[in-house]
Amino acid sequence: MPEHFQRPLSPHLQIFRPMFTMMMSIVHRITGAALYFGSVLFVWWLTAASMGVDYFSFVQGIFASWPGQIVLFGLTWALLHHFLGGIRHLVWDTGHGFELATVEIVARLTLAGSILLTVAIWVIAYATKG
Amino acid sequence: MRYRSSLARVRGLGAAKSGTERWWQERVSSALSIPATLFLIWLGIRMPGLSHSEVTQILGHPTVAIGLILALSTLFWHMMLGMQVIIEDYVHGASRLPLLIANHLFVAAFWSAGAYAVLRLSIGGQ
């Protein structure tokens, strides 16, 4: 048998009509990758805190700036989206929640929940600001 | 041109007998990331507007410091497993192996840097 025998390939993403659940799956992976690189900011902040008041103030200033706040807000949403989506996956792993109607509803609840919780966290953080 | 027969390739690249373990690690690290994430959110909400001494006092508290090291550990473990799957899915050819190694280096570097910062805040005697 030749090494590169032309076997029929399974159709990939681009052949399907985009569906909500499919987009949620893709976004789950994208948010995971974003959080991977976002972790650098968290470690940078921890390191800054350990290095003394001057460097910490410098880093806090960057995070408190408008671009910094937008990035942190985006990462908060990515974290909550991946967090809720991850719980959804763990439930699926137990063999539950595979009915089509359930899948659709839970996917929508995941997206809505991630946005609502992100806003709630930022409202609480700003309201209780010391 | 490869000189190995298909059977030899299958024998050479077949099941590594560790697939189930990796799958299970993904689930365990994922489940442990739930309390870790809630802990970081609880911590993060308190941070805006605090002075450097207030921040270091909170982060250096034994319970918080241990919680941070545990959270960093499970989250970086989870990130390593997740990024490995992404690389294995999309990267083929010569850059695959270097990227897989870079993934391990990235996780090792930032996990140890984060844990070191927490230890310094906690027992560094500032």
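Residues numbered from 1 in each chain as written. Chains lettered and ligands numbered in written order. Predicted model: local features only at pLDDT ≥ 70, side-chain atom pairs only at ≥ 80, totals over all residues.

Visitor: What's the story with the overall build of chain A in this structure? I'm lost.
Guide: A tally of regular secondary structure across chain A gives 4 helices and 0 strands. Across chain A, helices and strands are ordered from the amino to the carboxyl terminus as α-α-α-α. The globule rule puts the C-alpha radius of gyration for 130 residues at 14 Å, and the 20 Å found for chain A is more than 25% above it. Within the span of chain A, comprising 130 residues, buried residues form 22% of the whole. Long-range pairs, those at least 24 residues apart, make up 71% of the contacts in chain A between residues at least 6 apart in sequence. (Helix = DSSP H or I, 4+ residues; strand = E, 2+ residues; numbered from the N terminus. Rg over C-alpha atoms; globule rule 2.2 N^0.38 Å. Buried ≥ 20, exposed ≤ 12 C-beta atoms within 10 Å, placed from the backbone. Contact = placed C-beta atoms within 7 Å.)

Visitor: Could you clarify how one ought to interpret the overall build of chain B in this entry?
Guide: Within chain B, the regular secondary structure consists of 5 helices and 0 strands. In chain B, the succession of helices and strands from N to C terminus is α-α-α-α-α. Burial statistics for chain B: of 126 residues in total, 21% are counted as buried.

Visitor: Would you explain helix α2 (residues 19-46) of chain B in this entry?
Guide: Note on helix geometry: an α-helix contains 3.6 residues per turn, so any two residues three or four positions apart are oriented the same way. In this model α2(B) runs 41 Å from its N-terminal to its C-terminal C-alpha over 28 residues, within 8% of the 40 Å that 1.5 Å per residue would give. Along its length, α2(B) shows its largest kink, about 30°, at B:I34, and proline B:P35 lies within four residues downstream of that point. Those residues of α2(B) that fall on the buried side of the exposure criterion are B:S29, B:S30, B:S33, B:A36 and B:T37. Packed against the buried residues of α2(B) are α3 (66-93) of chain A together with α4 (62-90) of chain B. (Expected span 1.5 Å × (residues − 1). Bend = angle between axes of the 7 residues up to and from the residue.)

Visitor: When you look at the nonpolar core in this model, what are you seeing that I'm missing?
Guide: Generally speaking, nonpolar side chains in soluble globular proteins are found buried as a group. A:L46, A:A49 and B:F76 are the most contacted members of the largest nonpolar core, which has 29 residues in total. Counting residues per element, the ones that place at least two in this core are α1 (20-50) and α3 of chain A together with α3 (52-60), α4 and α5 (96-123) of chain B. With 8 residues, the single largest contributor to this core is α1(A). Every residue in contact with A:L46, bar those within four places of it in the chain, is listed here: B:G114, B:A117 and B:V118. (Core = buried A, V, L, I, M, F, W, Y, C linked by C-beta atoms within 7 Å.)

Visitor: Would you mind going over the interface of chain B and chain A with me for this structure?
Guide: Reports often express the size of an interface as the amount of accessible area lost when the parts come together. The interface of chain B with chain A comprises 28 residues on the first partner and 28 residues on the second. Those elements giving two or more residues to the side of chain B that touches chain A turn out to be α2, α3, α4 and α5 of chain B. The class makeup of the residues in the side of chain B that touches chain A is 16 nonpolar, 9 polar and 3 charged. (Nonpolar A, V, L, I, M, F, W, Y, C, P; charged D, E, K, R; others polar.)

Visitor: What is the right way to read the packing of helix α2 (residues 53-64) of chain A against α3(A) from this model?
Guide: Angle between the axes and distance between the axes are the two parameters that describe a pair of packed helices. Residue and element names in this part refer to chain A. With their axes 5 Å apart at the nearest point, α2 and α3 run at an angle of 75° to one another. Between α2 and α3, the interaxial angle falls into the category roughly perpendicular. Seen from α2, the contacting residues are I62, F63 and A64; seen from α3, they are G68, Q69 and L72. Among the residues forming the contact of α2 with α3, the class breakdown is 4 nonpolar, 2 polar and no charged. (Axes fitted to C-alpha atoms, helices over the stretch in contact; angles between N-to-C directions. Parallel < 35°, antiparallel > 145°, perpendicular 65-115°, else oblique.)

Visitor: What exactly am I supposed to notice about the packing of α1(A) against α3(A) here?
Guide: Residue and element names in this part refer to chain A. Look at α1 against α3: their axes get within 9 Å of each other, and the N-to-C directions meet at 125°. Between α1 and α3, the angle falls in the class oblique. In the packing of α1 onto α3, the handedness of the crossing is left-handed. Contact residues: α1 offers M24, V27, H28, T31, G32, A34, L35 and G38, while α3 offers L75, A78, L79, H81, H82 and G85. For the contact of α1 with α3, the class distribution of residues is 7 nonpolar, 7 polar and no charged. (Left-handed = near helix turned anticlockwise from the far one by under 90°.)

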